[in-house]
Amino acid sequence: EMEPQERAFQERIDAGQKIEPKEWMPEAYRKTLIRQISQHAHSEIVGQLPEGNWITRAPTLERKAILLAKVQDEAGHGLYLYCAAETLGISRDEMYGQLHSGKAKYSSIFNYPTLTWADIGAIGWLVDGAAIMNQVPLQRCSYGPYARAMVRICKEESFHQRQGFDILTVLCNGTPEQKAMAQDALNRWWWPSLMMFGPSDDASVHSAQSMAWNIKQDSNDALRQKFVDQTVPQAKFLGLTIPDPDLKWNEEKGGHDFGEPDWTEFFEVIAGNGPCNRERLEARRKAWDDGAWFRDALTAYAEKHAARETP
Ligand code: ACO
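Bear in mind the structure is a predicted one, so any value in this text is a computation, not a measurement.

> What's the story with the overall build of the protein in this structure? I'm lost.
Of the regular secondary structure elements, the protein holds 13 helices and two strands. Once the C-alpha set of the protein is aligned to its principal axes, its extents read approximately 75 × 55 × 30 Å. Counting across all 311 residues of the protein, residues that qualify as buried make up 49%. Relative to all contacts within the protein whose residues are 6 or more apart in sequence, the contacts with residues 24 or more apart total 76%. If the 35 positive side-chain charges of the protein are averaged to one point and the 44 negative ones to another, these points end up 5 Å apart.

Written out as structure tokens, the structure is:
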């Protein structure tokens, strides 16, 4: 049985209204949003690392400038998302603490290594492509600050996706070695990209409640299907082969059938045991520790000024 206040809240959600920061909300709604938005913010911040790895090695000055801009966009996305989470009553220090202690999750995808330049193309094409598929519906989610943050983020993600596809287009029209490099990147990034959408619907613990609250609009499997259907013709255009022997068009359902991702691998990665989890967390902790002098200086400066202003 719902309390009258909770019933009125659900009616507002069902009527498509936005919930704003200072308004009443069930504690569980607040907790779910803090969980999802902070995980999303951490993903953007950690997501800078695999690509940052290639800034100094981008093949041309133009590619370097584009990659630098893209990685800076991700830092910006992380910052808006931390702001959106803060409106729910959690502090940024607390969120950083959760990330640095290994308690908070962030997207599984960023725990895989970027071995070649083609990986930067594959990340833009597949990883940002998957991110857009998941984030476009979030622009219409029930929590105002999260929905609004998504508008700009999605525009920038579209640019990221195009730049990745462009890198791969050049490689696929290049030498046989370059084409092979692109195929190798697709082979390694395909399955992890499908895992970005989360566990299958029957294993997704939060989906039903998040859909009732209009935080999620599509199930994990529905978005995964949409992503596969969108990506298959793009792979064909590039002349690349998707590494899934079970992939085939199903006329009846009007979509592709495809193989099952390795869920054991997925759960290992989100438990902290993926190929780069330790390295990623160490890099974030080091950045935090290296910034201590700057935070100390800001605090000292603020205290000095506060002391001067008190008569
Ligand atoms: N990587 C890491 N953890 C994941 C992933 C993933 N790809 N998918 C699911 N999980 C976690 C969930 O966070 C949840 O863990 P928790 O209970 O400890 O918080 C658990 O697995 C169960 O999954 P679900 O019940 O399906 O969780 P949820 O309803 O939150 O759905 C999803 C997961 C789809 C990722 C959702 O949180 C979401 O849409 N988030 C916003 C988008 C986002 O974070 N994108 C980040 C990558 S894109 C980018 O940064 C470029």
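> It is not clear to me how the side chain of Arg 92 should be interpreted in this structure. Could you clarify?
Along the polypeptide, Arg 92 turns up in helix 5 (residues 92–100). Only 3.1 Å separates the side chain of Arg 92 from the side chain of Glu 86, close enough to count as a polar contact. Apart from the residues within four sequence positions on either side, Arg 92 is in contact with Leu 79, Tyr 82, Cys 83 and Glu 86.

> What is the right way to look at the confidence of the model for the protein in this model?
Interpretation of the predicted coordinates at a detailed level should be avoided for regions scoring low in pLDDT. Per-residue confidence for the protein gives a mean pLDDT of 97; residues scoring 70 or more make up 100%. Scored as a whole, the predicted complex attains pTM 0.96, and scored at its interfaces, ipTM 0.98.

> Would you mind going over the layout of surface pockets with me for this structure?
A probe matching the size of a water molecule, rolled over the atoms, marks out where space remains unfilled. Its volume calculated, the largest pocket comes out at about 1000 Å³. Along its surface, the largest pocket is lined by 45 residues, and Gln 39, Asn 134, Met 196, Phe 197 and Gly 198 are the ones closest to its centre. Of all the secondary-structure elements, those providing two or more residues to the lining of the largest pocket are helix 2 (27–46), helix 4 (61–86), helix 6 (117–135), helix 7 (144–172), helix 10 (220–238) and helix 11 (263–273). Of all the elements, helix 6 adds the most residues to the lining of the largest pocket, at seven residues. Broken down by class, the residue content of the lining of the largest pocket amounts to 20 nonpolar, 15 polar and ten charged. Counted as a void, the second largest pocket has a volume near 290 Å³. Looking at which element gives the most residues to the lining of the second largest pocket, the answer is helix 2, with seven residues. When grouped by side-chain class, the residues that make up the lining of the second largest pocket number four nonpolar, five polar and four charged.

> Explain the site of the ligand here, please?
Within the structure, the ligand sits among 29 residues, and Gln 39, Lys 105, Ser 204, His 206 and Lys 216 are positioned closest to it. In the model, an oxygen atom of the ligand is placed 2.9 Å from a nitrogen or oxygen of the Asn 134 side chain. Between an oxygen atom of the ligand and a side-chain N or O atom of Asn 220, the distance comes to 2.9 Å. Notes on the ligand: free accessible area 950 Å², of which the protein chains cover 90%. Most atoms of the ligand, that is more than half of them, are within 2 Å of grid points of the largest pocket. Looking at which element gives the most residues to the shell around the ligand, the answer is helix 2, with six residues. Looking at the shell around the ligand residue by residue, the classes come out as twelve nonpolar, twelve polar and five charged.

> Help me understand unusual backbone geometry, please; the structure alone is not making it clear to me.
Most peptide bonds are trans, and most residues other than glycine sit at a negative phi. Unusually for a residue other than glycine, Asn 214 sits at a positive phi of about 55°. Assignment of secondary structure puts Asn 214 in the loop between helix 9 (207–212) and helix 10.

> Sorry, what's going on with the pattern of salt bridges here?
Side chains that differ in charge, positive against negative, can pair when their charged atoms come close. One pass over the full model with this rule turns up 15 salt bridges. The partner of Asp 166 in a salt bridge is Arg 63, and the shortest N-O contact between them spans 3.0 Å. Note that Asp 166 is positioned in helix 7 and Arg 63 in helix 4, a separation of 103 residues in sequence. Residue classification places Asp 166 among the partly exposed positions, given a relative accessible area of 38%. A salt bridge links Glu 74 to Lys 70; the shortest N-O distance between them is 2.9 Å. Here Glu 74 pairs with Lys 70, and both are found in helix 4, just four residues apart, close to one helical turn. Classification of Glu 74 as buried rests on a relative accessible area of 5%.

> Would you take a moment to explain the side chain of Arg 284 for this structure?
Mapped onto the elements of the fold, Arg 284 is located in helix 12 (residues 277–290). The buried charged residue Arg 284 lacks any salt bridge, with Asp 290 as its nearest oppositely charged partner at 9.8 Å.

> Honestly, the environment of His 77 in this entry has me stumped. Any pointers?
Mapped onto the fold, His 77 is located in helix 4. In this structure, the C-alpha to C-alpha distance between His 77 and Arg 152, residues 75 residues apart in sequence, is 8.6 Å. Dropping the residues within four chain positions of it, His 77 is found in contact with Glu 44, Ile 153, Glu 156, Glu 157 and His 160. For His 77, the side chain forms a polar contact with the side chain of Glu 156, separated by 2.6 Å.

> Looking at this model, I keep getting lost on the packing of aromatic side chains. Mind explaining?
Aromatic ring pairs: the centre-centre distance and the angle between the two ring planes describe each pair. By the definition in use, this model includes 14 aromatic pairs. Seen from their ring centres, Phe 9 and Trp 24 are 6.0 Å apart, and the 85° between their planes marks the pair as edge-to-face. In this pair, Phe 9 is assigned in helix 1 (residues 4–14) and Trp 24 in the loop between helix 1 and helix 2, connecting sequence segments 15 residues apart. On the basis of relative accessibility, which here comes to 38%, the residue Trp 24 falls in the partly exposed class. Ring pairs connect the aromatic residues Phe 9, Trp 24, Tyr 29 and Trp 213, which therefore count as one cluster. Between the NZ or CZ atom of Arg 57 and the centre of the ring of Trp 54, over which it lies, the distance is 4.0 Å. In this structure, Arg 295 packs its charged tip against the face of Trp 288, placed 3.5 Å from the ring centre.

Conventions adopted
- Note that residues are indexed from 1 along each chain, following the sequence as it is written.
- Local features are withheld for residues below a pLDDT of 70 in this predicted model, meaning they are given only at 70 or higher, and side-chain atom pairs are given and counted only at 80 or more; totals for whole chains, interfaces and linings count all residues.
- Side-chain numbers here rest on the full set of heavy atoms in the structure, without hydrogens or water.
- Counting from the N terminus, the helices are the DSSP runs of H or I reaching at least four residues and the strands are the DSSP runs of E reaching at least two.
- Whether a residue is buried, partly exposed or exposed follows from its accessible area with a 1.4 Å probe, protein chains only, as a fraction of its type maximum: under 20%, in between, or over 50%, in that order.
- Contact definition: two residues touch when any of their heavy atoms are within 4.5 Å.
- In summary, the charge assignment counts Lys and Arg as positive and Asp and Glu as negative, without counting His or the chain termini.
- A charge is said to be at NZ when it belongs to Lys, at CZ for Arg, at CG for Asp and at CD for Glu.
- Between N or O atoms, a polar contact is any pair within 3.5 Å; within protein, one atom must be a potential hydrogen donor and the other a potential acceptor, and residues adjacent in sequence are included only when both atoms are from side chains.
- The predictor's confidence in any single residue is recorded as pLDDT, a number from 0 to 100.
- Buried and open spaces are told apart on a 1 Å grid over the protein atoms alone, a cavity being a set of points where a 1.4 Å probe fits but cannot get out and a pocket being an open set with protein on both sides within 12 Å along at least five of seven lines. Residues with an atom within 4 Å of a point are the lining residues.
- Grid points are joined across faces, edges and corners, and a volume is the space filled by probe spheres set on the points.
- In this count, Pro and Cys sit with the nonpolar residues alongside Ala, Val, Leu, Ile, Met, Phe, Trp and Tyr, while Asp, Glu, Lys and Arg are called charged and the others, Gly among them, polar.
- The criterion for a residue being near a molecule or strand is simple. One of its heavy atoms has to lie within 4 Å of it.
- All accessible-area figures derive from a Shrake-Rupley calculation using a 1.4 Å probe, and residue coverage is judged against the displayed protein chains alone.
- To qualify as sitting in a cavity or pocket, a molecule needs more than half of its atoms within 2 Å of the grid points.
- Salt bridge, as used here, is a side-chain nitrogen of Lys or Arg placed within 4 Å of a carboxyl oxygen of Asp or Glu.
- Two aromatic rings, drawn from Phe, Tyr or Trp (for Trp, its six-membered ring), form a pair once their centres lie within 6.5 Å of each other, and the interplanar angle then sorts them: stacked below 30 degrees, edge-to-face above 60, tilted otherwise.
- Charge-over-ring contacts are defined here by two conditions on Lys NZ or Arg CZ: a distance within 6 Å of the ring centre and an angle within 35 degrees of the ring normal.

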